[in-house]
Amino acid sequence: QVQLVESGGGLVQAGGSLRLSCAASGLTFSTYGMGWFRQAPGKGREFVAAISRSGIITYYADSVKGRFTISRDNAKNTVYLQMNSLKADDTAVYYCAADRSAAIITTVEGMDFWGKGTLVTVSS
């Protein structure tokens, strides 16, 4: 059974930083592309960042480019999202997701497995 468990969310002031983690189990982690998505109150789920199986290729939404960094440790079956210069607009539930494709996937429909999410609240 595949499990993705996010952690690291919380309350932070605007301009601050948080690091999210997602621990994966029940799958061969190094064969999955990984992504982070978020869903703000009253809005749909949107793409944030993605990383290839090896970690060499990364891709970001324009709204977070230059502020967020996605990385992975295949030895620890974990993917991370370092979030700097946080804004009130970054407030959302952040979800980790996995996909079997060799390509970078940026759509909700393209992901195969999802975590339950972790809440990030940025106060202005």
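Heads up: the structure comes first, above all this text.
Residues numbered from 1 in each chain as written. Predicted model: local features only at pLDDT ≥ 70, side-chain atom pairs only at ≥ 80, totals over all residues. Heavy atoms only, no water.

### Quick word on the packing of aromatic side chains
Argument step 1. Applying the stated rule across the entire model yields 5 aromatic pairs.
Argument step 2. Each ring, one from Tyr32 and one from Phe113, has its centre 6.1 Å from the other, and the planes form 55°; the classification is tilted. With Tyr32 in the loop between strand 3 (18–25) and strand 4 (33–39) and Phe113 in strand 10 (residues 113–114), this pair connects stretches of sequence that are 81 residues apart.
Argument step 3. Just above the ring of Tyr80 sits the side chain of Arg19; from NZ or CZ to the centre is 4.0 Å.
Argument step 4. The ring of Trp114 carries the charged tip of Arg45 above its face, separated from the ring centre by 4.8 Å. (Phe/Tyr/Trp six-rings, centres within 6.5 Å; stacked < 30°, edge-to-face > 60°. Helix = DSSP H or I, 4+ residues; strand = E, 2+ residues; numbered from the N terminus. Lys NZ or Arg CZ within 6 Å of the ring centre and 35° of its normal.)

### Section: the pattern of salt bridges
A side chain with one charge can pair with a side chain of the opposite charge if their charged atoms come near.
Argument step 1. The full count for this structure, using the stated rule, is 5 salt bridges.
Argument step 2. The salt bridge partner of Arg38 is Asp90, with a shortest N-O separation of 2.9 Å. Separated by 52 residues along the polypeptide, Arg38 in strand 4 and Asp90 in the loop between strand 8 (78–83) and strand 9 (92–99) bring together distant segments of the chain.
Argument step 3. In this structure Arg38 comes out as buried when scored by relative accessible area, which is 6%.
Argument step 4. Two residues, Lys65 and Asp62, come together in a salt bridge whose shortest N-O distance is 3.0 Å.
Argument step 5. Look at Lys65 and you get partly exposed, because its relative accessible area is 49%.
Argument step 6. Through salt bridges with shared partners, one network takes in Arg38, Glu46, Arg67 and Asp90. (Salt bridge = Lys/Arg side-chain N within 4 Å of Asp/Glu carboxyl O. Buried < 20%, exposed > 50% of the residue type's maximum accessible area, 1.4 Å probe, protein only.)

### A word on the sheet that holds strand 1 (residues 3–7)
Argument step 1. Strands sit in the order 1-3-8-7 across an open sheet of 4 strands; the sheet is antiparallel. Among the strands making up the open sheet, the edge pair consists of strand 1 and strand 7 (68–73). On average, each strand axis in the sheet is tilted by 15° relative to the strand beside it, whichever way the strands run.
Argument step 2. Bridging between strand 3 and strand 8 involves 6 bridges; their strand directions are antiparallel. What sits directly across from Leu18, in strand 8, is Met83. (Pairing = 2+ DSSP bridges. Axes fitted to C-alpha atoms, helices over the stretch in contact; angles between N-to-C directions.)

### Examining the state of the cysteines
Disulfides are covalent bonds that connect the sulfur atoms of two cysteines.
Argument step 1. The tally for this structure, following the rule as stated, stands at 1 disulfide.
Argument step 2. Each disulfide pairs two cysteine sulfurs, and for Cys22 the partner residue is Cys96, the sulfurs being separated by 2.1 Å. Handedness here is read from the sign of the S-S torsion; for Cys22 and Cys96, about -75°, the answer is left-handed. With a gap of 74 residues between them, Cys22 in strand 3 and Cys96 in strand 9 connect regions that are remote in the sequence. The pair Cys22 / Cys96 is uniform in exposure class, with both members buried. (Disulfide = S-S within 2.5 Å.)

### Focus: unusual backbone geometry
Argument step 1. Of note, Asn77 is a non-glycine position whose phi angle comes to about 55°, a positive value.
Argument step 2. By the secondary structure assignment, Asn77 is in the loop between strand 7 and strand 8.
Argument step 3. A residue is classified by how much of its surface remains accessible, and Asn77, at 26% relative accessible area, is partly exposed.

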